[in-house]
Amino acid sequence: MTVQGVLMKLPHLGGLTARQFLREYWQKKPLLVRQAFPGFGDALTPNELAGLACEEGAQSRLVLESRGKWRVEYGPFPEERFARLPKKGWSLLVQGVNHFLTEGADLLQRFDFIPTARLDDLMVSFAPDGGGVGPHFDSYDVFLLQGYGKRLWRVSEQTDMALVEGAPLRILRHFETSQEWLVEPGDLLYLPPRLAHWGIAVGPCMTWSIGFRAPSAQELGTQFLAYLQERICLEGMYADPDLKLQSHPSEISPQMIDRVARLLRDIRWNKLDVARFLGIYLTEPKPHVVFEKPRPLGLERFRSRLEKSGVALDLKSRMLISGTTVFINGEAVEVSPDALPCLRDLADRRWMKARCSVAVAELLRQWYNAGYLKFR
Ligand code: SIN
Ligand code: CO
């Protein structure tokens with residue numbers, strides 16, 4: 001976001017500035033904005049969503065409920081699955097719609113007042129009348145944008161977060177409505193993490209969820225250790241020239257424990273390691289993501305097309321920057337400071353058009369050949 005952007009009142013935040021939203025609502029309380037996106041709702045039809053749910057590269061789920069029993073089926077689905085669905089009591093959810101739909105990726109850009117590093121993806125759901133995924137809470141922040149149809153959102157300030165036992169998804173055992181809103185196409189509801197909520201379709205409806213990831217400390221810890229494990233380089237080896245005779249050969253002696261503890265003290269990290277880990281971890285494509293490689297281009301051809309039409313990140317690409325390290329799809333590249341303005345444009349806006357140095361053009365060419373970029 002630009003400096004002017006920070007001071008601008010955003011219509012899709014009901015006239016709040018991004019700063020006001022962050023201060024008063026983000027991770028704190030819900031915000032309903034009527035007609036945040038007037039006219040929104042026809043970028044995807046229920047049939048097109050079902051089509052996406054049949055594709056190999058999309059992560060889709062069908063949540064079914066009958067007489068209080070919940071079931072989840074995971075996609076990709078054969079087309080016939082949708083012909084055999086009951087009239088009521090289900091919901092189809094497709095993750096990563098921004099990977100398939102330019103309008104989806106453009107919609108995410110409207111939320112760039114939240115750092116890209118926090119962004120997860122765009123999920124779109126469809127439910128027939130009365131359908132939904134039940135009362136629950138999420139561990140991430142989400143903006144729920146009503147697409148086609150209407151949905152009744154109930155939120156609860158309850159602290160009782162007990163879940164239905166044995167259900168294949170998190171369903172709250174009790175739900176006490178504190179507030180409810182009937183939303184229509186273009187209405188936007190922001191929910192902070194762990195706020196109990198329940199969305200019920202009123203007639204067939206589609207909801208677009210702009211989700212922000214918040215990894216658990218445990219997830220960050222295990223991923224960071226895996227990152228360190230691959231890069232660790234410790235000198236020397238275990239040695240015990242002062243070995244003393246032990247009365248029990250099976251005992252791990254305190255001296256041995258001390259020697260190993262000293263060796264392990266060389267496992268160290270600093271903030272640069274944390275930054276590098278974060279960049280790689282947060283841009284790493286999910287396992288099902290595949291980049292289509294184009295016919296490779298040489299530097300001259302690439303440069304002339306770059307200058308003529310500019311480049312955009314592929315819908316599936318994730319790009320972040322920390323200092324002079326640029327991360328794209330799980331790879332880290334150190335760049336010179338004068339390369340940064342161009343690359344920052346690409347990372348912030350997902351496209352750029354500028355004359356850039358041969359070194360930057362060569363880097364972009366490699367990314368283009370890997371399928372990470374497209375010409376605009
Ligand atoms: C949905 O779109 O049905 C699910 C959104 C949610 O409650 O998190
Ligand atoms: Co939810």
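The paragraphs below set out a description of the structure included in this document. (Residues numbered from 1 in each chain as written. Chains lettered and ligands numbered in written order. Predicted model: local features only at pLDDT ≥ 70, side-chain atom pairs only at ≥ 80, totals over all residues. Heavy atoms only, no water.)

Section: the overall build of the protein chain
Then, number 1: Counting secondary structure elements, the protein chain contains 11 helices and 19 strands.
Then, number 2: Overall, the protein chain is about 80 × 65 × 45 Å in size when its C-alpha atoms are taken along their principal axes.
Then, number 3: A burial count over the protein chain gives 45% of its 376 residues as buried.
Then, number 4: Within the protein chain, contacts between residues separated by at least 24 positions form 76% of all contacts whose residues are at least 6 apart in sequence.
Then, number 5: For the protein chain, the accessible area works out to roughly 20700 Å², and carbon and sulfur atoms hold 54% of it. (Helix = DSSP H or I, 4+ residues; strand = E, 2+ residues; numbered from the N terminus. Buried < 20%, exposed > 50% of the residue type's maximum accessible area, 1.4 Å probe, protein only. Contact = heavy atoms within 4.5 Å. Areas by Shrake-Rupley, 256 points an atom, 1.4 Å probe, with all protein chains shown as cover.)

Digging into the environment of Q27
Then, number 1: By the element assignment, Q27 lies in the loop between α2 (18–24) and β3 (31–33).
Then, number 2: Overall, Q27 belongs to the partly exposed group, its relative accessible area being 42%.
Then, number 3: Along the chain, Q27 and Y190 lie 163 residues apart, while their C-alpha atoms are 9.5 Å from each other.

A short note on the sheet that holds strand β18 (residues 351–352)
Then, number 1: Ordered in space as β18-β14-β19, the three strands form an open sheet in which the pairing is antiparallel. Strands at the two margins of the open sheet, each flanked by one partner only, are β18 and β19 (373–375).
Then, number 2: Each of β14 (311–313), β18 and β19 is contacted by helix α9 (residues 299–309), which is oriented at about 70° to β19, the strand it contacts most. (Pairing = 2+ DSSP bridges. Axes fitted to C-alpha atoms, helices over the stretch in contact; angles between N-to-C directions.)

Comments concerning the coordination of the cobalt ion (ligand 2)
Then, number 1: Note on the cobalt ion (ligand 2): its protein donors are H136 (NE2), D138 (OD) and H197 (NE2). The metal-donor distances range over 2.0 to 2.1 Å.
Then, number 2: Between the donor residues of the cobalt ion (ligand 2), the gaps in sequence give the motif H-x1-D-x58-H. Here H197 lies in strand β12 (residues 196–202) and H136 lies in the loop between β7 (119–127) and β8 (141–146), a separation of 61 residues in the sequence.
Then, number 3: A relative accessible area of 11% places H136 in the buried class.
Then, number 4: Classification of H197 as buried rests on a relative accessible area of 3%. (Donors = N, O, S within 2.8 Å, 3.2 Å for Na, K, Ca; no water.)

Digging into the sheet that holds strand β10 (residues 179–183)
Then, number 1: Spatially, β10-β9-β12 is the arrangement adopted by the three strands of the open sheet, whose pairing is antiparallel. Of all strands in the sheet, those with a lone pairing partner are β10 and β12, marking the two edges. Put simply, the sheet's adjacent strands are angled 15° from each other on average, direction ignored.
Then, number 2: In the sheet, strand β9 (residues 150–156) pairs with β10 via five bridges, with the strands oriented antiparallel. Across the sheet, the residue bridging to L152 is L182, located in β10.

Concerning a positive patch on the surface
Then, number 1: Taken together, R295, R301, R305 and K308 make up a surface patch of like positive charges.
Then, number 2: Tracing the backbone through its elements, the reader meets R305 in helix α9.
Then, number 3: In this structure R305 comes out as partly exposed when scored by relative accessible area, which is 32%. (Patch = residues over 30% accessible without salt bridge, like charges linked within 9 Å, V, L, I, M, F, W, Y side chains within 5 Å. Salt bridge = Lys/Arg side-chain N within 4 Å of Asp/Glu carboxyl O. Lys, Arg positive; Asp, Glu negative; His and termini not counted. Charge placed at Lys NZ, Arg CZ, Asp CG, Glu CD.)

Some words on the state of the cysteines
Covalent bonding between the sulfur atoms of two cysteines defines a disulfide.
Then, number 1: Across all of its chains, the model carries zero disulfides by this definition.
Then, number 2: No disulfide involves C205; its sulfur sits 20 Å from that of C54, the nearest cysteine. (Disulfide = S-S within 2.5 Å.)

What about the nonpolar core?
Then, number 1: Of all hydrophobic cores here, the largest spans 45 residues; its most connected members are F21, F143, W208 and I210.
Then, number 2: When neighbours within four sequence positions are excluded, F21 is seen to be in contact with L13, L16, W26, L31, F113, I114, F143 and Y190.
Then, number 3: Of all hydrophobic cores here, the second largest spans 29 residues; its members include V335, L343, A347 and A361. (Core = buried A, V, L, I, M, F, W, Y, C linked by side-chain atoms within 4.5 Å.)

Re unusual backbone geometry
Then, number 1: The omega torsion of the bond from G75 to P76 falls at 5°, within 30 degrees of zero and hence cis.
Then, number 2: Within the chain, Q27 stands out as a residue other than glycine whose phi angle is a positive 65°.
Then, number 3: Its identity is not glycine, yet Q35 carries a phi of approximately 50°, on the positive side.
Then, number 4: Given a relative accessible area of 38%, Q35 falls into the partly exposed group.

A few points about the site of ligand 1
Then, number 1: Close to ligand 1 lie L93, M123, S125, V133, H136, D138, L144, R151, W153, H197 and T207, which account for all nearby residues.
Then, number 2: Residue H197 places a side-chain N or O atom 3.3 Å away from an oxygen atom belonging to ligand 1.
Then, number 3: Relative to its unbound accessible surface of 260 Å², ligand 1 loses 96% to contact with the protein.
Then, number 4: Listed by contribution, the elements that provide at least two residues to the shell around ligand 1 are β7 and β9.
Then, number 5: Of the residues belonging to the shell around ligand 1, the class tally is five nonpolar, four polar and two charged. (Near = heavy atom within 4 Å. Polar contact = N/O pair within 3.5 Å; in protein donor to acceptor, adjacent residues only side chain to side chain. Nonpolar A, V, L, I, M, F, W, Y, C, P; charged D, E, K, R; others polar.)

Topic: helix α6 (residues 217–231)
Then, number 1: Over its 15 residues, α6 runs 21 Å from end to end, which matches the ideal 21 Å to within 8%, given 1.5 Å per residue.
Then, number 2: Those residues of α6 that sit buried are F224, Y227 and L228. One side of α6 carries all its buried residues, which in axial view fall inside an arc of 95°. When the buried face of α6 is taken as reference, the exposed residues oriented beyond 90 degrees from it are Q218, L225, Q229 and E230.
Then, number 3: Buried residues in α6 make contact with α8 (271–283). (Expected span 1.5 Å × (residues − 1). Arc of directions from axis to C-beta.)

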